[in-house]
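Spelled out from the first residue to the last, the chains are:
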Amino acid sequence: MAARGRCPSCGSAALVEDAHYAQQQLVCAACGCVLAEGLLTTTYTEEEHLREVAYSQSTGQKEQLSRCLQRGIRRVQDLCKVLQLPRVFEETAVSYFQRAVQHPSFHLVSLEKKELLGGCCVFVTCRQHNWPVTMGTICSLLYAKQELFASVYLSLQKELELSVPALSLADLVKTHLNSFRLFQHATDVPAPFVEDKEKVVARTMQMVELASETWLVTGRHPVPIVTAAAFLSWQSLQPSARLSCTLGRFCKLAGVDLPPPAHLRLKELLEILLRMASQLAWLRVFKLDKKTVVKHIGDLLQHRIFLLKNAFCLQDEEEQDAAAPGEGSPGSPPAAGGAAQEKGCPSGGKRQREGGTRPLLPPCLINPRKRLRTAAPSPSDSAITGDEPISDSEIEQYLRGPEEIRAFSKAKAWP
């Protein structure tokens, strides 16, 4: 038997302890001879007792989680470096990722969702620090689908109870327009199409504010609105050379995707601009259409508040309440009713049908979609219960005495 502290093979005293996965070994550093082997243990605190346990509870499982955590942290750090985020952003995103990996809700998710978890932590950090980064930017860097990324982001926000402020339209406009290639000379971009970035951003901000004031933003995805507003702003700066350019070509030259609803948002913005142009005295002599009105966008935006008040019914509640009794009272003269209708909102009058002012309503109320057909009533629903209302044509069948007949005739003759 070899002496204590020496290798029985070569007699060297250079004995070291080597952890092979979760199994502790005593190895000779000179010849590599294994002197002693331990047993598979559960945790580091129980290694002294040499208890055999399942691998899912062993130190090997902990090492695997540690490797997954390290890869995720490196992915978060690399993403922050690509986005050129400050150091404090990187530290916050890493702390969120560590909390998410340790949360039980993210232990059994798919590998694809685990890879997106780091990107969601970076996205949350940018939103909390008011750093203008969109979800589409993160998805393009991670080659991920926005629907899947959004589901992981919502789960992260819910499970960790994170407070994430919404990105303002102003920040979104600046971020979205930063990726446009029309602000610098390129071989595939014609010289008349190149424009100063600050001018386009400033006018696009005014167009987006106009869209917000006319209900075009509420309930809509912001990117198509920003795209349509940027296209009109870019055209209006040099209309003579750019009116022939379409929205699709504009997005292709700018190097951005064309969202399908952008054509609808463009049509709605042009309708608002045409209605505003009808209130300017020096534009009434021209027969403006959806192309020629772009030339006057600068004047329309300059007098935006005044034109919106004249183009739409933006009255106070007191004025509407004062006009309502004059329209509906039976004793009022026709002239008073007509004047009230001209001053008020002619929602059902002849002037609205002829193209006059109308209430400023959301597009979903102006052009409502067709409702789905309801299912046919079941026999139980169509059964007579005795509680049905009685129509005026059938009520005479239920009159019994002369007093009821006289009362009913008197009620019908009442003005």
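Scroll up to find the structure this text is about.
Here we summarise the structure given alongside this text. These numbers come from a predicted model, not from an experiment.

A grouping of Arg67, Arg71, Arg74 and Arg75 is seen on the molecular surface, where their side chains present a positively charged patch. Residue placement: arginine 75 occurs in helix H1 (residues 59-82). Judged by relative accessible area, arginine 75 falls into the partly exposed class, the value being 32%.

Their axes nearest at 10 Å, the elements helix H6 (residues 169-178) and helix H7 (residues 197-213) cross at an angle of 140 degrees. Taken as axis vectors, H6 and H7 run oblique relative to one another. Considering only the axes of H6 and H7, their crossing is right-handed. The residues of H7 that touch H6, namely those facing Leu169, Ala170, Val173, Lys174, Leu177 and Asn178, are Lys197, Val200, Val201, Thr204, Met205 and Val208. Residues belonging to the contact of H6 with H7 are distributed by class as follows: 8 nonpolar, 2 polar and 2 charged.

Empty space within the largest pocket amounts to approximately 940 Å³. Looking at the largest pocket, it is lined by 31 residues, and the ones nearest its centre are Thr134, Met135, Gly136, Leu172 and Val223. A per-class count over the lining of the largest pocket returns 17 nonpolar, 11 polar and 3 charged. Space inside the second largest pocket adds up to approximately 650 Å³. Lining the second largest pocket are 23 residues, and of these Arg220, Glu268, Pro363, Cys364 and Asn367 sit closest to its centre. Listed by contribution, the elements that provide at least two residues to the lining of the second largest pocket are helix H11 (262-277) and helix H17 (363-366). Of the residues forming the lining of the second largest pocket, the biggest block, 7 residues, is contributed by H11.

Among the nonpolar cores identified, the biggest contains 54 residues, and Leu177, Leu232, Phe250, Leu273 and Leu300 are the most heavily contacted of them. Only H6, H7, helix H8 (222-237), helix H10 (247-254), H11, helix H12 (297-302) and helix H13 (304-311) provide two or more residues apiece to this core. Excluding residues within four positions of it along the chain, leucine 273 makes contact with Met207, Leu210, Leu232, Val293, Ile297 and Leu300. Core analysis: the next-biggest nonpolar cluster, separate from the first, contains 33 residues, Val101, Cys120, Cys126 and Ala144 among them.

A few words now on a nonpolar patch on the surface. A contiguous nonpolar surface patch, about 240 Å² in accessible area, is contributed by Leu361, Leu365 and Ile366. Turning to its location among the elements, isoleucine 366 is positioned in helix H17. Residue classification places isoleucine 366 among the partly exposed positions, given a relative accessible area of 34%.

The next thing to look at is H7. For H7, with 17 residues, the first-to-last C-alpha span of 24 Å sits near the 24 Å given by 1.5 Å per residue. Within H7 the residues assigned to the buried category are Val200, Val201, Thr204, Met205, Met207, Val208, Leu210 and Ala211. Looking at the buried residues of H7, the elements they touch are H6, H8, H11, H12 and H13. Between a side-chain oxygen at the N-terminus of H7 and the backbone nitrogen of glutamate 198 the separation is 3.4 Å; the capping residue is aspartate 196. Downstream of H7 by one or two residues, tryptophan 215 has phi in the positive range, about 70 degrees.

Below, the discussion takes up H6. Each α-helix winds once per 3.6 residues, and so residues spaced three or four apart point in a common direction. What H6 keeps buried is the set Asp171, Leu172, Val173, Thr175, His176 and Leu177. Among the structural elements, H7 and H8 are those in contact with the buried residues of H6.

A separate point is the packing of aromatic side chains. Across all of its chains, the model carries 9 aromatic pairs by this definition. Residues phenylalanine 193 and tryptophan 234 carry aromatic rings whose centres are separated by 5.2 Å and whose planes lie at 80 degrees to one another, so their mutual orientation is edge-to-face. Separated by 41 residues along the polypeptide, phenylalanine 193 in the loop between H6 and H7 and tryptophan 234 in helix H8 bring together distant segments of the chain. One exposure class covers both phenylalanine 193 and tryptophan 234, and it is buried. Pairwise contacts between aromatic rings join Phe180, Phe183, Phe193, Phe231, Trp234 and Phe250 into one cluster.

Attention now moves to the side chain of histidine 176. Position of histidine 176 among the secondary structure elements: in helix H6. Residue class for histidine 176 comes out buried when judged on its relative accessible area of 15%. At 3.5 Å, the side chain of histidine 176 and the side chain of threonine 227 are in polar contact. Beyond its immediate sequence surroundings of up to four residues, histidine 176 is in contact with Val223, Val226 and Thr227.

Criteria and cut-off values
Residues numbered from 1 in each chain as written. Predicted model: local features only at pLDDT ≥ 70, side-chain atom pairs only at ≥ 80, totals over all residues. Heavy atoms only, no water. Patch = residues over 30% accessible without salt bridge, like charges linked within 9 Å, V, L, I, M, F, W, Y side chains within 5 Å. Areas by Shrake-Rupley, 256 points an atom, 1.4 Å probe, with all protein chains shown as cover. Salt bridge = Lys/Arg side-chain N within 4 Å of Asp/Glu carboxyl O. Lys, Arg positive; Asp, Glu negative; His and termini not counted. Charge placed at Lys NZ, Arg CZ, Asp CG, Glu CD. Helix = DSSP H or I, 4+ residues; strand = E, 2+ residues; numbered from the N terminus. Buried < 20%, exposed > 50% of the residue type's maximum accessible area, 1.4 Å probe, protein only. Axes fitted to C-alpha atoms, helices over the stretch in contact; angles between N-to-C directions. Parallel < 35°, antiparallel > 145°, perpendicular 65-115°, else oblique. Left-handed = near helix turned anticlockwise from the far one by under 90°. Contact = heavy atoms within 4.5 Å. Nonpolar A, V, L, I, M, F, W, Y, C, P; charged D, E, K, R; others polar. 1 Å grid on protein atoms, 1.4 Å probe; cavity = no way out; pocket = protein on both sides within 12 Å on 5 of 7 lines; lining within 4 Å. Points joined across faces, edges and corners; volume = space filled by probe spheres on them. Core = buried A, V, L, I, M, F, W, Y, C linked by side-chain atoms within 4.5 Å. Expected span 1.5 Å × (residues − 1). Polar contact = N/O pair within 3.5 Å; in protein donor to acceptor, adjacent residues only side chain to side chain. Phe/Tyr/Trp six-rings, centres within 6.5 Å; stacked < 30°, edge-to-face > 60°.

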